[in-house]
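In case you want the letters, here they are:
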Amino acid sequence: MSRIWAIARHTLAEGLRLKIAHVFLAFIAVVVVGLPVTLKGESAISDAVQTYLSFSSRSLGVILSLLTIFLSRSLSDEFVNRQMLVLMTKPIQRWQYVVGKWLGMVTLNTILLFMSGVGVYVGATILAGMKPRDEADAGKLKNELLTARHATSFVPPDFSQLAAQAYQERLETGAYAEVAAIVPSEERTRIAKEFESQWRTVPVMETRLFEFTEVRCRRSPDKTLQIRYKAEVYHFAPDEILRCEWIVGNPDKGTPVYYLPRRDVIQRYQTMSVPTDAVAPDRTLTVALTNRNPFEGERQEYNTVSFLSNDDVQVLFEVGSFAGNLVRQLALTWCRLSFLAALAVLLACVFSFPVACLIGLTFLAMTSMAAFVTDALIFFDEDVGVPGLFQSVVQVLYKVVYFIIPDFSRYNGADLLVDGRNVTLRWVLEGVARLVLCGTTFLLLIACLLFQRREVAEVSV
Amino acid sequence: MNEQDLPVLQTVGLTKVFKDFWRRDRVAAVNDLNLTVERGQVFGLLGPNGSGKSTTIKMLLGLLFPTRGRVSLFGRPPTDVATKSRIGFLPEESYLYRFLDARETLDLYGRLFRLHSRQRAERIEKLLEMVGLQAEAKRRIGEYSKGMARRIGLAQALINDPEFLILDEPTSGMDPLGTRQIKDVIRQLASRGKTILLSSHLLADVEDVCDRVTILYGGRQQAAGTIRELLAQADRTQIIAPRLSAETIAQVRALVRRLEQKDLLSVGAPHDRLENLFMKTVEAAQAANVRSAGVRAGGELPDFLSTGGRMPDLIESLVARADHPAAGGGAGPAAPISAPPRPRTDRSVIEQLTHVGGSIAPKESTTPAPPNEAPQSSRTPRAEPKPPRAQRSDIDRSVIDGLISRPGESDGE
């Protein structure tokens, strides 16, 4: 271990002295330290804090990822400048060297992440300590930003039985008489989807009931939870305002009921706070929405409200602190950086500096786009029909590549941190298992095998 | 077989063929090379540029993989970690980290040898003192001159007190002062029983320090043997004397013609070596405390550099017996311990030359030896330490040794 650590220490020292590292460090300093100064002029403190968290956490991930890729130079330069000739005559196994290099990069990243994390925390705390614009600003800061909230989405009822009944009725009434061939199971599924989409729409003056389970917060009239929703309204009113009434609580379960008349801008997320004593002792929360449209003079059918996604109505409740959430978000970033460091070491074992770097950057771009590409492939599969040979090859290639390449966006908690939502420990552990234990180990293993077979003083003629 | 009996280095049929991009054989850099380096030897690998010296060394160190043949160091493969911990290597250029300073550089390599922190710190200071860079230890290597970097290169090669030292062009880029210091270090290390493999195309360097040499050309071994075996000119005799008058020289010519029926080939004043002149000048300047921004005079060899793979007692015993011949038990000259007896010298020509007219030979050489000490010319040979720098003779002793040796016979060293 002492030899591995000797290489790691050396890599760390080199990383801290590389000029390109200084440039990246300057970027980090500007983001972490400089940004709070420039954001002081924002009208609402909560907006300033949100902007700061958004910029700092996202750019930290990007800057440190780029730095890690560029650190591959540390290894490839040792081949080019032939320091390897001396190093490999010392009593060190080649795998120890590879692991030492990776450890050095990871240690550098850990130090920078720790320092940046402290900086972000201090910056956010200083900004949050400034005088809020009003009570709503203060409330948003406390309950929606500098916190860690768990989000629960609604689950539509199960319409399969109703669909089966409806199918049977239609069958008996001869509704399918003119249909040539029908597959019962497919038809039942189609009917169930039809019922669900009807359920997801709330016509004017109708009420829809959403039941949330596992709302594990402390019940108290002094503490609040948030209900967040985004309503789609087709043929909306000229002022683009949705008029509705939310009723939260369930008297049958002995909770107080809160009436919340709202006038909100449509198609944007809206948040309202409700005391946590609206949650029933069985940890369920009942929420009802009454559509109070239309606008005067409008036809009623044009003001139907729709919730297309389950996430369009969510309940958010506090489960932890902002500091803990920040630590977990940084831990996820660390997992990504650890994987990238292993990739950088692997590439540098095979390629020289510019090539290794370019491949690393390409990989970084691909991992960041993984979610988008996967969605595109699903869309391609479903909607394009029978693909040609070229398209098939591209599809297969993409699927293979994205089977190997992890989806980095899946292990990025920046969006949640900015939203005051909980970055779960389970998620972090999943990141550790997938990116560090599996991904990093796999890459380092390949790097060791390749390096073991490489002639350090290779001559090409 | 006991490890002590194994050669330090052995190659059998060592071959390296470099390939092109398409993996086709292109250049046979080393071809069927068989080398054996025994313990305590200073072995010279000679050859012009491109003869395969560096390729051979890189294979010895596991930096290149042989195409055919095998290498063993201390009876084990060169990639073995335990083997590597017994080796010191100075490459042809000092491939060091430019962003580290001298102490950090030595510290890095010391850590790889798992030296304890206190031991590491002590060795670093001693090595810096030895290579004369203590005052420059905080400067980055990137700011060093090539010669200074070579010195740090040498220091890193010695940080682990290696049993076997491989030096690839050790004096490359060094000024004459540094070259001399490096050679002194090699001699001192050799006197402590270290095994040294020295690769160079600077023939004078090799001649000065090596016991055995192998000359490579085209990747093949062209000649091999001890320096004396290879350099002996059996058909000539050289006599070096203080300045003689023309009359005396004429008498010598006549004497040689009369006794040997031969003419002298050349007679003239010998030239000092430029290296000696340079050293004298620099040493005089250093004695006068003339300021310089470069390296200081190198210090003594650090005491941690032990006696290599040999048994220390044996070395001491050898030295003691050589220094005190009488202690061997007899009144006569000390007998050689392991070397075969030196061939009997035909002294008649020398004695006649030095006694003709009673004034030709210098006074010192005619001083009779102490009763229990053999005359200098017939002293028992031993692994002779070079004289200290200040007393170093201008005379190339190998010529005299050559004179008193029979051609074609080994001197047993």
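Residues numbered from 1 in each chain as written. Chains lettered and ligands numbered in written order. Predicted model: local features only at pLDDT ≥ 70, side-chain atom pairs only at ≥ 80, totals over all residues. Heavy atoms only, no water.

### Considering the overall build of chain A
Link 1 in the chain: Of the regular secondary structure elements, chain A holds 15 helices and 11 strands.
Link 2 in the chain: With the principal axes as the frame, chain A shows a C-alpha extent of 85 × 65 × 40 Å.
Link 3 in the chain: Considering chain A as a whole, with its 461 residues, one finds that 48% of them fall into the buried category.
Link 4 in the chain: Residue pairs at least 24 apart in sequence account for 81% of intrachain contacts in chain A once pairs closer than 6 positions are excluded.
Link 5 in the chain: For chain A, the separation between the mean place of its 45 positive charges and that of its 45 negative charges on side chains is 12 Å. (Helix = DSSP H or I, 4+ residues; strand = E, 2+ residues; numbered from the N terminus. Buried < 20%, exposed > 50% of the residue type's maximum accessible area, 1.4 Å probe, protein only. Contact = heavy atoms within 4.5 Å. Lys, Arg positive; Asp, Glu negative; His and termini not counted. Charge placed at Lys NZ, Arg CZ, Asp CG, Glu CD.)

### Overview of the pairing of strand E6 (residues 164-168) of chain B
Residues and elements named next belong to chain B.
Link 1 in the chain: Burial analysis of E6 places 5 of its 5 residues in the buried class, which makes it a mostly covered element.
Link 2 in the chain: Bridge count for strand E5 (residues 87-90) against E6 is 4 bridges, and the pairing is parallel. What sits directly across from Gly88, in E6, is Leu165.
Link 3 in the chain: Two strands pair when backbone bridges link them, and E6 and strand E7 (residues 195-200) are joined in this way by 5 bridges, in the parallel orientation. Along E7, the bridge assignment pairs Leu165 with Ile196.
Link 4 in the chain: In this view, the connection linking E6 to its parallel neighbour E7 by way of helix H6 (residues 176-191) has right-handed handedness. (Pairing = 2+ DSSP bridges. Right-handed = clockwise from strand over helix to strand, strands pointing away.)

### Examining the packing of aromatic side chains
Link 1 in the chain: Inspection of the entire model under this criterion finds 13 aromatic pairs over all chains.
Link 2 in the chain: Measuring from centroid to centroid gives 5.7 Å for Phe24 of chain A and Phe70 of chain A, while their planes differ by 40 degrees, and the two rings are tilted. With a gap of 46 residues between them, Phe24 of chain A in helix H2 (residues 19-38) and Phe70 of chain A in helix H3 (residues 45-70) connect regions that are remote in the sequence. Take Phe24 of chain A and Phe70 of chain A: they sit in the same class, and that class is buried.
Link 3 in the chain: Between the aromatic rings of Tyr121 of chain A and Phe322 of chain A, the centroid separation amounts to 5.9 Å while the plane-to-plane angle is 15 degrees, which identifies the pairing as stacked. Taken together, the positions of Tyr121 of chain A in helix H6 (residues 94-128) and Phe322 of chain A in helix H10 (residues 322-350) put the pair 201 residues apart, joining distant regions of the chain.
Link 4 in the chain: Positioned above the aromatic ring of Tyr109 of chain B, the side-chain terminus of Lys90 of chain A is 5.1 Å from the ring centre. (Phe/Tyr/Trp six-rings, centres within 6.5 Å; stacked < 30°, edge-to-face > 60°. Lys NZ or Arg CZ within 6 Å of the ring centre and 35° of its normal.)

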